[in-house]
Amino acid sequence: FYLEAGGQVSDAGTISGPHGEADVTGIVRVPNWPRLHAVRVKVGTLSTRDLVTAAVAPSVRDATRRNHTATHLLHAALRRVLGEHVKQSGSLVAPDRLRFDFVHFSPILPEQLREIERMVNEQVLRNTAVVTEVKATQDAMASGAMALFGEKYGDRVRVVSIPGFSMELCGGTHVRATGDIGLFAILSEAGVAAGVRRIEAITGLESLRAFQRDRDELARAAGLMNTRPGELAVRIGALQEEAKRLAREL
């Protein structure tokens with residue numbers, strides 16, 4: 001099971017033995033052990049020296065993978081659109097969303113957000129294979145791999161790259177190819193501290209659900225206004241002007 005690190009949340013799943021099964025509720029880092037698994041027994045019992053199977057929930061891990069690789073694409077796109085001063089200052093990679101904090105000194109313009117979103121989705125559609133390699137730290141840095149500021153690295157590091165677009169030092173889980181990510185959609189962009197901005201985004205089935213929800217809501221609103229979705233803004237503007245006129249007359 002992946003232990004939460006680098007902004008990526010821990011895996012979920014089950015541990016099952018000959019006499020029982022438990023849900024894994026958390027992964028814990030402790031001295032002198034690789035990791036401990038916090039569990040909730042749901043069937044039977046688990047005993048010392050039981051031979052057990054630890055099974056990671058594939059849907060949760062796959063969703064997390066999509067968001068992690070999308071975070072790397074987002075980072076690279078931000079640097080291309082806003083400038084190379086952009087540096088990661090925090091992140092969250094979860095199954096249902098990604099959150100990326102970065103150094104930048106002004107709000108991102110709507111057209112810039114659209115370009116960033118387009119650039120990431122272009123890389124998704126190219127379905128480029130994601131490459132992971134273990135390299136000597138000096139070699140990785142010399143090849144241009146992005147590293148987290150202030151992070152301490154050993155003699156050898158894991159490099160995750162989308163050839164021609166992104167290369168970062170990373171120990172997290174990633175998709176096999178960028179096409180596995182599905183639609184990348186930005187939800188919000190805001191300032192969280194002086195000189196630090198935050199983008200929240202979704203991928204995969206979460207972005208599909210958001211698209212379907214927004215499409216249905218737009219269709220309902222257009223129905224209430226007795227117009228087509230593409231003419232909704234014009235119809236609302238006309239109603240607002242009519243309401244103002246009637247208020248003045250009243």
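Scroll up for the structure.
Residues numbered from 1 in each chain as written. Predicted model: local features only at pLDDT ≥ 70, side-chain atom pairs only at ≥ 80, totals over all residues. Heavy atoms only, no water.

Visitor: Honestly, the pairing of strand E10 (residues 185-193) in this entry has me stumped. Any pointers?
Guide: Along any regular strand, the residues point their side chains to alternate faces of the sheet. As defined by bridge partners, E10 adjoins strand E11 (residues 196-202) across seven bridges and the pair is classed as antiparallel. The residue bridging Ser-188 from the neighbouring strand is Glu-200, located in E11. Between E10 and E11, which pair antiparallel one after the other, the connecting turn spans two residues, and Gly-195 there sits at a positive phi close to 75°. (Pairing = 2+ DSSP bridges. Helix = DSSP H or I, 4+ residues; strand = E, 2+ residues; numbered from the N terminus.)

Visitor: So what exactly am I meant to see when it comes to the sheet that holds strand E1 (residues 13-17) here?
Guide: Where strands meet in a sheet, backbone hydrogen bonds hold them as pairs that are either parallel or antiparallel. Read from one edge of the open sheet, four strands run E3-E2-E1-E4, paired in antiparallel fashion. Of all strands in the sheet, those bounded by a partner on one side alone are strand E3 (36-44) and strand E4 (53-56). The sheet shows a mean angle of 30° between the axes of neighbouring strands, direction not considered. Pairing analysis gives five bridges linking E1 to strand E2 (residues 20-28), with the strands arranged antiparallel. Within E2, the position partnered with Ser-16 by the bridge is Glu-21. (Axes fitted to C-alpha atoms, helices over the stretch in contact; angles between N-to-C directions.)

Visitor: What am I meant to see in the side chain of Gln-8 here?
Guide: Turning to its location among the elements, Gln-8 is positioned in the segment before E1. Classification of Gln-8 as buried rests on a relative accessible area of 0%. A distance of 2.7 Å separates a polar atom in the side chain of Gln-8 from a polar atom in the side chain of His-68. Sequence-distant contacts of Gln-8, defined by excluding residues within four places in its chain, comprise Tyr-2, Thr-64, His-68, Val-93, Gly-172 and Thr-173. (Buried < 20%, exposed > 50% of the residue type's maximum accessible area, 1.4 Å probe, protein only. Polar contact = N/O pair within 3.5 Å; in protein donor to acceptor, adjacent residues only side chain to side chain. Contact = heavy atoms within 4.5 Å.)

Visitor: Can you help me understand unusual backbone geometry in this one?
Guide: For residues other than glycine, phi is negative in most cases, and the peptide bonds are mostly trans. Positive phi, normally seen in glycine, also occurs at Asn-127, with a value near 55°. Positive phi, close to 55°, is recorded for Asn-226, a residue that is not glycine. Locating Asn-226 in the fold gives a position in the loop between helix H4 (204-224) and helix H5 (232-249).

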